[in-house]
Amino acid sequence: MEYQSGGQVPGASGLLGEVAEAEAALRAAAERSGATGGEDLAAGFDAVVAADQKIEPRDWMPEGYRKTLVRQIAQHAHSEIIGMQPEGNWISRAPSLKRKAILLAKVQDEAGHGLYLYAAAETLGVSRDELYRMLLSGRQKYSSIFNYPTLTWADVGAIGWLVDGAAIVNQVPLCRCSYGPYARAMIRICKEESFHQRQGFDILYTLARGTEAQRAMAQDAVDRWWYPSLAMFGPPDTESTHSAQSMAWKIKRFSNDELRQKFVDMTAQQATVLGLRLPDDALEYDEGSGHYRYTAPDFAELMAVISGDGPCNRQRIAHRRAAYDDGAWVRESAAAYAAKRRERAA
Ligand SMILES: [Fe+2]
Ligand SMILES: [Fe+2]
C-alpha cells in the first residue's frame, strides 16, 4: 500500500464503495412497489422489512422499534455534538492556517451530523428539546470515546484516523438500516466521515516523517487512542443486550465483534503505511482466517467510562449545559417573535 500526502487513505476506498452501493439500494427500494401485509398493520411492517424497503415516519411501526430507534439515533446525535469538544480544543492551536481551516471544517461537519440526526429522531415523534434535556440530565448517553482528553496536536490526527475510522466502519451498514430517515442521513454522514479519516491519517503521516519528537508524539497518541477506539464497537457479542432484536428489525446488520474485526483488519494495514505501531503485542495476521488476531479492549474500563468515570465526563456535560443556558435568550427571542407574528396574523 502506498500513500501520498492529501490522497485517499489506503484501504478506505472499499468503504466508500459500500456507501455508494447502499445509496443505489436506497433508490431502488424507493422505486419498488410497496410491500403489503393486507389489512394487518404488523404484517405490513414485517413485509416492508423483509422486502428490504424502508419504513417511513407515516408508517405504522411497533413501539419497541420506535423506542429503539429514538434511543440509538439520539445517542448518535449526542455523540456528534459532544465530539466537537475534544477537537474544538485544538482549533486555535493548529500548527498552520491550512490545518486550522481543515479542522474547522471537520468540527463544523460534526455539528451538521448532529443536526441531521436530531432531525431524523424528530420524525419519530420526539422533540430536539426533549432529547437535549435527556442528554444534559444524563438519561441518554453519548459515545464514551469523547470522555478522553486531547493532550497534543497528534491526538487530532489519532482521532481522525482511529475514531472517525471506527465511526465509518460502524456507520456504513446503517446506510442500509430499515428506517428511511436514518438510512438517508447516514449516506451523507459516511461520505463526510471518510474525509475526517483522511485528515487524521494525513496529520499522522506528516508527523511520523517529521522530527524525532513529532514521531514520538504521533506514536504516543496512537498508543492512547487504540483501545478506546476498539471499545467504540460496544461490548463483545456474548454480552450485547440489544443486538438480536435490532438485527431482526434490520436496524443493525453486523454484530459488534464482526465490525470490530473489520476495523482491526483495515487499521493494521494502514498502520504499516504510516510507520506507526499499534500497541498490541498479540496483533498478528492469521493466514488461515484471513484476519488479524488482536487483544480485546478492557470492557470493565469501558463500562466505567460509560457510567460516568471517564477523565472528561463532567467537563463535557458542563460545557454542553453552559452552551444550552447561554442560548436561552435565542430560544426565548424566537418564541416571542413567533408569538408576535401569530398575534398580527390573527
Ligand atoms: Fe460525525
Ligand atoms: Fe467525524
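Up top is the structure.
Residues numbered from 1 in each chain as written. Chains lettered and ligands numbered in written order. Predicted model: local features only at pLDDT ≥ 70, side-chain atom pairs only at ≥ 80, totals over all residues. Heavy atoms only, no water.

A. Spatial organisation of the overall build of the protein chain. The helix and strand inventory of the protein chain stands at 14 helices and two strands. Expected size for 346 residues packed as a compact globule is a radius of gyration near 20 Å; at 21 Å, the protein chain falls within 12% of this value. A principal-axis box enclosing the C-alpha atoms of the protein chain has dimensions of 70 × 55 × 35 Å. Here the protein chain holds 346 residues, and the buried ones make up 49% of them. Restricting to contacts in the protein chain with at least 6 residues of sequence separation, those with at least 24 account for 77%. Of the side-chain charges in the protein chain, 40 are positive and 44 negative, and the distance between the mean point of each set is 7 Å. (Helix = DSSP H or I, 4+ residues; strand = E, 2+ residues; numbered from the N terminus. Rg over C-alpha atoms; globule rule 2.2 N^0.38 Å. Buried < 20%, exposed > 50% of the residue type's maximum accessible area, 1.4 Å probe, protein only. Contact = heavy atoms within 4.5 Å. Lys, Arg positive; Asp, Glu negative; His and termini not counted. Charge placed at Lys NZ, Arg CZ, Asp CG, Glu CD.)

B. View of the side chain of Lys-106. Tracing the backbone shows Lys-106 in helix 5 (residues 97-122). A relative accessible area of 0% means that Lys-106 is categorised as buried. Separated by 2.6 Å, the side chains of Lys-106 and Glu-87 make a polar contact. The contacts of Lys-106, once residues within four sequence positions are left out, are Glu-87, Ile-159, Asp-164, Phe-195, His-196 and Gln-199. (Polar contact = N/O pair within 3.5 Å; in protein donor to acceptor, adjacent residues only side chain to side chain.)

C. View of the coordination of the iron ion (ligand 2). The iron ion (ligand 2) binds to the protein through Glu-110 (OE), Asp-164 (OD), Glu-193 (OE) and His-196 (ND1); the donor distances cover 2.0 to 2.2 Å. For the iron ion (ligand 2), the four donor atoms in the first shell make angles of 85 to 160° at the metal, a pattern classed as irregular. Considered as a linear motif, the donors of the iron ion (ligand 2) on their single chain read E-x53-D-x28-E-x2-H. Taken as a pair, the iron ion (ligand 2) and the iron ion (ligand 1) show a spacing of 3.4 Å, with Glu-110 coordinating each metal. With Glu-193 and His-196 both in helix 8 (residues 180-208) and three residues apart, this pair spans about one turn of that helix. Residue Glu-193 shares its accessibility class with His-196, and that shared class is buried. (Donors = N, O, S within 2.8 Å, 3.2 Å for Na, K, Ca; no water. Tetrahedral: all angles 85-135°; square planar, octahedral: opposite > 155°, others 65-115°.)

D. Local environment of the coordination of the iron ion (ligand 1). At this site the iron ion (ligand 1) is bound by Glu-80 (OE), Glu-110 (OE), His-113 (ND1) and Glu-193 (OE), with donor distances of 2.0 to 2.2 Å. Coordination at the iron ion (ligand 1) is irregular: its four donor atoms span angles of 84 to 144° at the metal. When the donor residues of the iron ion (ligand 1) are listed from N- to C-terminus, their spacing reads E-x29-E-x2-H-x79-E.

E. Structural context of the side chain of Thr-68. Assignment of secondary structure puts Thr-68 in helix 3 (residues 63-82). Only 2.7 Å separates the side chain of Thr-68 from the backbone oxygen of Gly-64, close enough to count as a polar contact. Discounting residues that sit within four places of it in the chain, Thr-68 has contacts with Ser-246, Trp-249 and Ile-251.

F. Structural view of the environment of Pro-62. Relative to the helices and strands, Pro-62 is located in the loop between helix 2 (41-50) and helix 3. On the basis of relative accessible area, Pro-62 is assigned to the buried category, the value being 18%. When the C-alpha atoms of Pro-62 and Ala-111 are compared, they prove to be 31 Å apart, with 49 residues separating the residues in sequence. Sequence-distant contacts of Pro-62, defined by excluding residues within four places in its chain, comprise Phe-45 and Trp-249.

G. View of the packing of helix 7 (residues 153-171) against helix 8. It is at 7 Å that the axes of helix 7 and helix 8 come closest, and there the two elements cross at 145°. For the pair helix 7 and helix 8, the sense of crossing is left-handed. (Axes fitted to C-alpha atoms, helices over the stretch in contact; angles between N-to-C directions. Left-handed = near helix turned anticlockwise from the far one by under 90°.)

H. The arrangement of the packing of aromatic side chains in detail. Counted by the stated rule, this structure contains 14 aromatic pairs. Consider the rings of Phe-45 and Trp-60, whose centres lie 6.2 Å apart with planes at 85°: the pair is edge-to-face. Placement of Phe-45 in helix 2 and of Trp-60 in the loop between helix 2 and helix 3 is noted, with a sequence separation of 15 residues between them. With a relative accessible area of 3%, Phe-45 lands in the buried category. The exposure class assigned to Trp-60 is partly exposed, which follows from its relative accessible area of 38%. (Phe/Tyr/Trp six-rings, centres within 6.5 Å; stacked < 30°, edge-to-face > 60°.)

I. Here's a closer look at the packing of helix 5 against helix 6 (residues 128-136). The geometry of helix 5 relative to helix 6 is characterised by a closest axis approach of 9 Å and an angle of 110° between their N-to-C directions. As the angle between them shows, helix 5 and helix 6 are arranged roughly perpendicular. Of the residues in helix 6, those in contact with Leu-115, Tyr-118, Ala-121 and Glu-122 of helix 5 are Arg-128, Leu-131 and Tyr-132. In terms of residue class, the contact of helix 5 with helix 6 is built from five nonpolar, no polar and two charged. (Parallel < 35°, antiparallel > 145°, perpendicular 65-115°, else oblique. Nonpolar A, V, L, I, M, F, W, Y, C, P; charged D, E, K, R; others polar.)

J. Here's a closer look at helix 6. Every buried residue of helix 6 is listed here: Leu-131, Tyr-132, Leu-135 and Leu-136. Down the axis, helix 6 shows its buried residues gathered within 135° of arc, on one side only. Turning to helix 6, the residues buried within the fold contact helix 3, helix 5 and helix 13 (313-326). Gly-138 sits one or two positions beyond helix 6 and adopts a positive phi of about 80°. (Arc of directions from axis to C-beta.)

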